[in-house]
Amino acid sequence: MTTSLPPLPEPVRKDPQKKTPSALIPPSARSRLGMRLSAEAARGRFRLPHCNACNQPVWPPREACPACLSSLQWRDADATGTLIAETTLETSPELYFRERTPWRVGTVDLAGGVPVMAHLHAQCRIGDTVTLRLFLDKADRAVFMAFSDLDSPDLREDIQLRELTNDPRHRRVLITDARTPAGVALAKAMTKAGAKRIFAGIGDAWKRDAAIEALEGMETVSTVPLDLTDTRSVEELCGEIGGKVDILVHNAEQVRPGGVMAGRGIADAKQLHEKLVFGFMRLAESFGPVMRSRGADGVNAATAWVNLLSVYAHANWPAYGQHSAAHAATLSLAQCLRGEMQGSGVRVMNAFAGPLEQDWHDQVLPPKVTADRLAREIVGALQGGQQDVYIGDVARDVAERFEDDAKLLEMELAGDGQ
Amino acid sequence: MSADNATDNATDHPDTVAILAGLAAGLASAEIKIVDLTHRLDPDFPIIVLPPEFGQCAPFRMEEISRYDARGPAWHWHNISLGEHAGTHFDAPIHWISGRDLPNNTTDTLPVQKLVGQVCVIDCEAESDADDDYEMGVDKIAAFEAEHGEIPAQSWVLMRTGWSRRRGADYINLRADGAHSPGPDAAAVRFLVEQRDIIGFGTETVGTDTGQAVHSDPPYPAHYILHGAGRYGLQCLANLDQLPPTGAILVAAPLKIRQGTGSPLRVLALIP
Amino acid sequence: MSTGFEDIVITAPTSVAYTRFSNESAHWWLLAALRDMLAGAGLRPADIDGLTVSSFTLHPDSAVGFTQHAGLSLGWLEHLPMGGASGVIALRRAARAIQCGDASIVACLSGDTNQLDSFRQTLSRFSHFSNDAAWPYGSGGANGYFALIADHYMRRFGIARETFGQIAAAQRSNALYYPHALMKTPLSVEQYLDARMIASPLGLFDCVMPCAGSESFMVMRADTAHRLGLPAVRPLAIIERHNGFAEDPVQFRGGWTYDRDQLWQRAGCAPADMDFVQTYDDYPVISLMQLEDLGFFEKGAGDAFIAGHDLTCGGSFPHNTSGGQLSVGQAGAAGGFLGIVEAVRQLTGSAIGAAVPNARRALVSGFGMVNYDRGVCSAAAVLERANQPATAARHPTTTESEAAA
């Protein structure tokens, strides 16, 4: 029977006389083999090295099967095991854990004989059949966590799980382009997930529309002026609310068909890049350092920076070539931001989607991603602590093809344009 | 031109020397005042709203190059970017399809003699207050002339609506069917061009036409008729309430942009 | 089939007094042991022709760098990074080298410094497995890993914490007489049980205190020791095992179980013949595991055995007579030498603390290297006092001439 957990305390307001804690991160050193686990986890997979001959999973990662010396391959793994040992650490020489003790870890016997050290969800008990999940910790490194009941209504009341995820609950969210259908849907989904407050960025506030009215009608939402193409606008908003943004969602979107020769020209492309690419940079210049400094600000810490990207950031779709290019540039900058955020505890998450269900895709065949689904999956990925999330069938398909053979995908997409 | 020629010209027209001397004295003593008719170039100043499938005018933007820092220790400067038709701006004839084949129709070729001239200000504030879609007709011009005399040839005519005091959403006044703001009707523009031979026409609103002018005949009549006849437009003017109906001098010189269709500019008026 | 160690002895047990922290390098500590040991044996550095070195904080140097550092020219050298098993294994390696004629006098050195952050630094980059799969989970280090082992062990065999407490308390009693022990306050089982938790079920007195220090001994032929007038001890049998029982998902037995029959058979004696035992006591649970795996009692019967014995020097089962690492301190790799050095002193009647009366035979075991979740290396040696040269000095030679040979 699963024990019930008391709810996590609601964050209290920060004592202004207290120093903001410095960001601490758990140990980040891994071998290259060990990093592979992080790369798998970043994509939301549970994969372990398996022996090519005897098919047994192997852990910790090695260069050969310890049973028969055959080569290994990373494959989807059975994640169930038995909790056979546990301890509650009351102290640690690593500052990150020292600040967070007591901390519970255990040994899970995976697949009968593979010992896996794991963080323990509070509901796990010795002897339980447990399910392992991979999360990226605050060092962006994959770690196992064991659960005895993933369907428990109290699942999210676990403080160790909260350390590994970016749950919007109790947190304050900035949606940078809230006027879009995705922006409105995100505001709703974040509210549903328990976000404390949502700052809805509105560009060209002199243009009123139904989206603004919908946002203004939501109790959790405060509309704020934010024009991503205007450096001063971004700076001014950061000056006002920079210290309160726990999750930033860069969801700026400006879909226009057209490529390079048969496109809408430089002026149009420039505006697209101004908003998406330079908009990202403006946000990074203003909000980035503030969020970085607040990565460990107690329970009110800055926790995630989310980018809404087209899956065609990976490979250009000529029908929407300029759009793909702007997203590719943003993806590259997001990778850069990830590097610069290392050590801060702030996760940079990329949410890749295929064509969205919106006016500018009216000539694109389904399946298309609705704004509601997009928002729901972004919230789910935050709750799951993911680094990359692919939303919808097209995004997953393109991602799979990209991983399988990037060159082949490029050629296939070029063929689509004919 | 040599200094001698300049002296010759002055000798040939002794009265202009006196006029300019008088102007200088008047400016120095502030008996002649200068009124600024320009809005501040501001990133959030509205620009004309067109359907999204059309190309869009870039709003004013400013990025710091350096600020007495590592990027330039002793100096502070910016890069700016904006569309030709952002902020308080000037429309050259080439801006509209009707004026595309005219000679000297671009900002770098238009005759500078036309950029300073007398100005008539027609007060339509009451009508515009009452009706966002007020269209100034020939009758309004006739009423103006009945009170202040006929509009002289080679004048600027400005339509005063009080619109420049509006801010943000009220300024563009966007509804589901588009923008709503006052302007001239086609007949009035045709009258000013054909019967009064004006240099150009200016408004406080975001265009020389009404907000709903796409539905006029021809669409955007002020743009179509003014530029088709080689006349100029001024938009987004401010402080028109500080001008007398007649007797002021307008200075409106656009940037000398190669093949420019318009230009943001500082518009000044000299008033008695 | 390996042969015995008939003509080999261990001598010159040397300990350099431990300090909690030290600004000196590992080289300093190793050299201090070497200098004291040579002085005590009346030898010069050139008399040594073989060397083993065990140290964690010598990094990035190895035994090779140390020879240059110490100015030693050697015909035989081993770097033995085997942690708590390195003392017994150094003895085994040195004995075989001498038996084969590759060396004649081998100095076996161990030592580590303990600067303020040495402990964390050693742990945080201990191994690939540790970095990839253990250290990120709370970074408890050895405390965390052995807490898991102890948690499982206690559940599996129904062992009570009191038993661990009795081991720790008895060792503290021994330590009260041992001059180098860092912990000199008596410890009761109640105090053990009441102490704050470090990593459940391990409390404060389950854990060793990291410190700086060094331990060393020499291995040579019995006749050499006799000629030099050095009291000596004979190894009767030695075993080692690496990565034994890898299939156990959590460690509840060590590699000793593989090899213990061979050990006693070759030694020609039995556990009951031991006058005292030195186990590797990084945690009492591991001492208990060694005792049962080496045959002192049935697996899982630790509660009764410990309750039925007095583990102090004058008791029925003298155990870790110096106080062990739990009371003396854990000077890194020297922790793997503490037991053998103390055993040689006890067996040669030169104990510097409490003496085990009339001790003739002893067992020393080692355990080391938590590469991931368990100690990978295990080793044990049965030692016997060498009252006389094991064989007559048929070829009386000088140390120098042996080195030349």
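Reading guide: rules and limits
Residues numbered from 1 in each chain as written. Chains lettered and ligands numbered in written order. Predicted model: local features only at pLDDT ≥ 70, side-chain atom pairs only at ≥ 80, totals over all residues. Contact = placed C-beta atoms within 7 Å. Helix = DSSP H or I, 4+ residues; strand = E, 2+ residues; numbered from the N terminus. Nonpolar A, V, L, I, M, F, W, Y, C, P; charged D, E, K, R; others polar. Expected span 1.5 Å × (residues − 1). Bend = angle between axes of the 7 residues up to and from the residue. Domains from an automatic or database assignment. Pairing = 2+ DSSP bridges. Axes fitted to C-alpha atoms, helices over the stretch in contact; angles between N-to-C directions. Core = buried A, V, L, I, M, F, W, Y, C linked by C-beta atoms within 7 Å. Buried ≥ 20, exposed ≤ 12 C-beta atoms within 10 Å, placed from the backbone.

K.L.:
Looking at this structure, I do not really get the interface of chain B and chain A. What am I missing?
P.N.:
Taken together, the contact pairs 15 residues of chain B with 13 residues of chain A. With 4 residues, the top contributor of residues to the side of chain B that touches chain A is helix α5 (residues 168-172) of chain B. Looking at the side of chain B that touches chain A residue by residue, the classes come out as 9 nonpolar, 3 polar and 3 charged.

K.L.:
Help me understand the interface of chain A and chain C, please; the structure alone is not making it clear to me.
P.N.:
Much of the literature gives interface size as the accessible area that the parts lose upon coming together. The partner chain C presents 35 residues to the 37 residues of chain A that form the contact. Among the secondary structure elements, those contributing two or more residues to the side of chain A that touches chain C are α1 (32-42), β3 (80-89), β4 (103-110) and β5 (114-120) of chain A. Tallying contributions element by element places β3 of chain A first for the side of chain A that touches chain C, with 6 residues. Here the residues of the side of chain A that touches chain C sort into 20 nonpolar, 10 polar and 7 charged.

K.L.:
Would you take a moment to explain helix α7 (residues 265-293) of chain A for this structure?
P.N.:
Each full turn of the α-helix corresponds to 3.6 residues, which orients residues three or four apart in the same direction. Taking 1.5 Å of rise per residue, 29 residues should cover 42 Å, and α7 of chain A covers 40 Å from first to last C-alpha, within 8% of that figure. Phe287 of chain A marks where α7 of chain A bends most, by close to 45°; the proline Pro289 of chain A follows one to four residues later.

K.L.:
What am I meant to see in the domain arrangement of chain C here?
P.N.:
Residue and element names in this part refer to chain C. Parsing chain C into structural domains produces domain 1 (8-116 + 211-233) and domain 2 (134-209 + 236-386). Computed over C-alpha atoms, the centres of domain 1 and domain 2 are 23 Å apart. If you look at the interface, domain 1 gives 36 residues, while domain 2 gives 40 residues. Elements represented by at least two residues in the side of domain 1 that touches domain 2 include exactly β1 (8-19), α3 (86-99), β4 (105-112), β7 (212-221) and β8 (232-242). Here the side of domain 1 that touches domain 2 gets 7 residues from one element, more than from any other, and that element is β1. Here the side of domain 1 that touches domain 2 is composed, by residue class, of 18 nonpolar, 14 polar and 4 charged.

K.L.:
Can you walk me through the sheet that holds strand β4 (residues 89-91) of chain B in this structure?
P.N.:
Picture the strands of a sheet paired through backbone hydrogen bonds; they go either parallel or antiparallel. All names here are of chain B. Read across the open sheet, the 9 strands follow the order β1-β15-β13-β5-β7-β11-β12-β4-β14; overall the sheet is mixed. Either end of the sheet is taken by a strand with one partner, and the two such strands are β1 (33-36) and β14 (262-264). Neighbouring strand axes in the sheet, compared pairwise and without regard to direction, differ in orientation by 25° on average. As paired elements, strand β11 (residues 200-203) and strand β12 (residues 232-235) share 3 bridges and run parallel to each other. Considered in β12, the bridge of Gly200 is made with Tyr232.

K.L.:
How do you make sense of the nonpolar core when you look at a structure like this?
P.N.:
The nonpolar side chains of a soluble globular protein tend to be buried, and buried together. Within the largest apolar cluster, 176 residues are counted, with the highest numbers of intra-cluster contacts made by Ala118 and Ala146 of chain A together with Leu91, Val106, Met218 and Val219 of chain C. By residue number, the principal contributor to this core is helix α1 (residues 26-41) of chain C, which donates 9 residues. Not counting chain neighbours up to four residues away, the residues in contact with Ala118 of chain A comprise Val105, Gly106, Val108, Leu132, Phe144, Met145 and Ala146 of chain A together with Tyr137 of chain C. Residues Leu226, Val306, Ala326 and Leu337 of chain A belong to the second largest nonpolar core, which totals 82 residues.

K.L.:
Looking at this structure, I do not really get the domain arrangement of chain A. What am I missing?
P.N.:
All names here are of chain A. In terms of domains, chain A is made up of domain 1 (32-164) and domain 2 (172-416). Computed from C-alpha coordinates alone, the two centres of domain 1 and domain 2 are separated by 31 Å. Between domain 1 and domain 2, the contact holds 8 residues from the first and 7 residues from the second. Of the residues assigned to the side of domain 1 that touches domain 2, the class counts are 4 nonpolar, 1 polar and 3 charged.

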